[in-house]
Each structure stands twice: as C-alpha cells, then as structure tokens.
Amino acid sequence: LNGRFLTLHLGGSTPFFVELSAHVRRGENHLLIQVENRRRPDRVPMHHFDWFNYGGLYREVDLLPLPAVFLRDLRIAWRDGAITVEIALSNPIAAAARVTIPQLGIVQDVPISNGHANAKIAAHPDLWSPETPHLYDVVVECDEDRITDRVGFREIVVCGEDILLNGTSIYLRGVCVHEDDVELGKSTSEADLRRRVAHAKELGCNLLRLAHYPHHERMAEIADEVGLLLWEEIPVYWAIDFANPATYADAENQLLELIARDRNRASVIIWGVGNENADTNARFFFMSRLAEAARRADPTRLISAACLINRQTFKIEDRLADCLDIVGLNEYFGWYEPD
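Now for a quick tour of the structure. (Residues numbered from 1 in each chain as written. Predicted model: local features only at pLDDT ≥ 70, side-chain atom pairs only at ≥ 80, totals over all residues. Heavy atoms only, no water.)

1. What about the packing of aromatic side chains?
With the rule as written, the count across this model stands at eight aromatic pairs. Measuring from ring centre to ring centre gives 5.1 Å for W51 and Y237, while their planes differ by 80 degrees; the resulting arrangement is edge-to-face. Here the residue W51 occupies a position in the segment before β1 (71-79), and Y237 occupies one in the loop between β13 (229-233) and α3 (245-262), the gap between them amounting to 186 residues. This pair shows no difference in class: W51 is buried, exactly as Y237 is. The interplanar angle of 45 degrees and the centroid separation of 4.5 Å between the aromatic rings of Y237 and W238 together place this pair among those described as tilted. In this structure Y237 comes out as buried when scored by relative accessible area, which is 3%. Judged by its relative accessible area of 26%, W238 falls in the partly exposed class. One aromatic cluster in this structure is built from W51, Y213, Y237 and W238. K186 extends its terminal NZ or CZ atom over the ring of Y213, reaching a point 3.4 Å from the ring centre. (Phe/Tyr/Trp six-rings, centres within 6.5 Å; stacked < 30°, edge-to-face > 60°. Helix = DSSP H or I, 4+ residues; strand = E, 2+ residues; numbered from the N terminus. Buried < 20%, exposed > 50% of the residue type's maximum accessible area, 1.4 Å probe, protein only. Lys NZ or Arg CZ within 6 Å of the ring centre and 35° of its normal.)

As structure tokens, this is what we get:
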C-alpha cells in the first residue's frame, strides 16, 4: 500500500486479511496486489495435478472499515445438547458481547476475558438436515461492532460403520464437483453456484465433494440453505513434497484457513486432508499430522482422505486409514477400469 510491503499469503483459495490503517494517506491511495500462479514442486498443489492453474484475482477483494476493537471471530455449533459459542476480539481486553438468536428467543450476554469468550446456551432448536435445512439468524454485538450469520445446528458422528446425522444413520449419495466452467473458468457467480446445486438436487444427491481445493465460500452458504451436505478439502494431491517442512506448513495453513472460514456451516460434515498419494513414511507423517490438526481445530466434524488401493489384492492397505473417520476410495470403473 503506497509502496509499503504489507503481507504475503500462500494458498490461492482461502481468504486472508491485512491491516491497512497505519499506511493509509489522506486523498489518493495506491494498493498493489501481485498474484503468482507458477507450479512448483514444493507447493500445495505441486507442479503435477489435473486441473487448470488459473492466474489473477478470481475471488473478491473487500475494504472493511472497522472500529478500534472489533469482533474478529465467531464460532457457533450444536454440541452435547446445547449451543456453544466462541468469540474472539481483535484486542486482548475484557469486554462483554451480546448473543441474540431471535427465532429461539435467546438474548444472552457473554463476558469476554483477555479477548476471548466461551459460552454454552441452553436451547431447543430444530436440527438441520438435508430434508429440513433449518437456519437461524445469529447476531453478536460488542461495543461498536456487530456481526451476523445464518446458522444451522446439527451433529455428525461415526458409530462403528454408521455415519449418524442427529443420531440417525445416513447414507451419503453424491458427486465430486470442480469449481471450473467452460465460460467462467475459475471465477464464479451466484447463478453459477446455484445451477450446480440445482443439478445435484435433481440427481437425488444429498452430498457434494468439493474437489480438490477450497471452493468459493458462497457454495457452503447455499448448501446450508438448500440442504446439501459437503465434503471440503485442500489440494494435497499426488506427489506433494512430503518431506519438506515448508510444504507441510503451507498445507496446514490452507486447512486451518478453510476450517476457520466454514466452521459455522452446518452443511460441511467432512474435512478432506488429501487425495490419492502413496503410503510412504514421509507421506504418512505429513498426512497424519494434518488429520490431527483438523481434529484440534474442529472436533465437531469428520476427517477423511481419498486413499489408494492395492490393485493386486484389491484392498485398502493405507496406514492413514487408522487416522480417519471415513476412508475415501476413488474407483474408476468404465474409465481406467475396463470392466
């Protein structure tokens, strides 16, 4: 901004934020954004993958005027029969926030200590599901700042070989979706997203796997609204440089930014940590750490990866399977498999 370097962000699919105030001038300001899309062996994704690597800015850029102390983060979920709320301020101060959910008659003040707050609110919401995608307006206010969200409340767990949504076994029927269009390329629009969702609903899907990178955040908001479950993932794909600490840091950052962005979306039930990479020691260490990082950041969802199969024994022998809630398996009958 105005000739001053402010930040560098790795990963082209998740949002990031940078403070501009200290370098803003009265009158005209000049903001320069440089985007690099070269394929490199130490990046995520690496130089060899099977979708287009578009360049330029294909997501929104917003300028946000904020008060000196603002609400930096809101996490709200349904856990153990109650609504849990986590709030973070921009400054490590003591304050109070008010949480309002009008449809449930909830107006609750939450004390904030050292910039953070955790609260559990007794409630009886109608739980979200593909058949009944109930959403509630949530308002959080603190001093001069106010944020809103539309949130569905639901629980997803694995019990043995069953996936339970709100305590009831569910069978996932869906398709994999790329964020790519013959006319729009990597950029997208509300109409384009709703067209894809409508096609999935017409097919009878209750799930979309958003392959193989974070899609536009509006997709999860629309999925919340219409009742589609989502598997979201990061592009840890094929021959990543698994032994490189910098490559792992890149992958983990993309995963944590994705989780931070979409953790209030009821539709998102699976975090995918990778797709089709061979079971080496370096890869197992890399991928198992990603699974652990996802669980620490969000214990309310399931962890998966698309594993490889032993073609001779036709069995999954991937050590990573023991680190996952759902073992993903890509099969290509009629594509690579002739039978």
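2. As for the packing of α3 against helix α4 (residues 281-297)
Between α3 and α4, whose axes approach to 10 Å, the crossing angle comes to 25 degrees. Our classification of the angle between α3 and α4 gives roughly parallel. Pair α3 / α4 crosses with right-handed handedness. Between α3 and α4, the residues in contact are T247, Y248, A251, E252, L255, L256 and I259 and F286, R289, L290, A293, A294, R296 and A297, respectively. Its residues assigned to classes, the contact of α3 with α4 comprises 10 nonpolar, one polar and three charged. (Axes fitted to C-alpha atoms, helices over the stretch in contact; angles between N-to-C directions. Parallel < 35°, antiparallel > 145°, perpendicular 65-115°, else oblique. Left-handed = near helix turned anticlockwise from the far one by under 90°. Contact = heavy atoms within 4.5 Å. Nonpolar A, V, L, I, M, F, W, Y, C, P; charged D, E, K, R; others polar.)

3. Focus on the side chain of N330
The residue N330 is located in the segment after β16 (326-329) in this model. Looking at N330, its side chain comes within polar contact range of the side chain of N275, at 3.0 Å. When residues no more than four places from it in sequence are discounted, the contact partners of N330 are R209, N275, E276, A306 and C307. (Polar contact = N/O pair within 3.5 Å; in protein donor to acceptor, adjacent residues only side chain to side chain.)

4. Regarding the pairing of strand β12 (residues 207-210)
The two faces of the sheet receive side chains in turn, since in a regular strand these alternate between them. Burial of β12 is two-sided: the residues L207 and R209 facing one way and the residues L208 and L210 facing the other way are all buried. Where strand β11 (residues 174-177) meets β12, four bridges bridge the pair, whose relative direction is parallel. By the bridge assignment for β12, V177 is matched with L210. In the classification by handedness, the crossover that spans β11, the intervening helix α1 (residues 190-203) and the parallel β12 is right-handed. (Pairing = 2+ DSSP bridges. Right-handed = clockwise from strand over helix to strand, strands pointing away.)

5. A short note on helix α2 (residues 217-226)
Every buried residue of α2 is listed here: M219, A220, I222, A223 and D224. Positive phi shows up at G227, right after α2, with a value of about 90 degrees.

6. Brief notes about the sheet that holds strand β5 (residues 116-121)
Spatially, the three strands line up as an open sheet ordered β1-β2-β5, and their pairing is antiparallel. Strand pairing shows two members of the sheet lacking a second neighbour, β1 and β5, which therefore form its edges. Direction aside, the axes of adjacent strands within the sheet are offset by 15 degrees on average. As defined by bridge partners, strand β2 (residues 82-89) adjoins β5 across six bridges and the pair is classed as antiparallel.

7. Here's the deal with the nonpolar core
Core analysis: the biggest nonpolar cluster contains 39 residues, and V236, F286, M287 and L290 have the highest contact counts within it. Taken together, the elements giving at least two residues each to this core come down to α1, β12, α2, α3, β14 (268-275), α4 and β15 (302-307). For this core, the leading source of residues is α4, giving six residues. What M287 contacts, discounting residues up to four positions off in sequence, is V236, F242, V273, G274, N277, A305 and L320. Ranked by size, the runner-up nonpolar core spans 24 residues in total, among them L71, I106, A117 and C142. (Core = buried A, V, L, I, M, F, W, Y, C linked by side-chain atoms within 4.5 Å.)

8. Remarks on the pairing of strand β3 (residues 95-101)
Here β3 pairs with strand β4 (residues 106-112) via seven bridges, running antiparallel. Each bridged residue has a counterpart across the sheet, and for I101 the counterpart in β4 is I106. Counting the residues that bridge the hairpin from β3 to β4 gives four residues, and of these G105 lies at a positive phi of roughly 65 degrees. Sheet analysis places β3 next to strand β6 (residues 136-142), joined by three bridges and oriented antiparallel. Each bridged residue has a counterpart across the sheet, and for T100 the counterpart in β6 is V139.

By themselves, these observations are geometric and do not establish any function.
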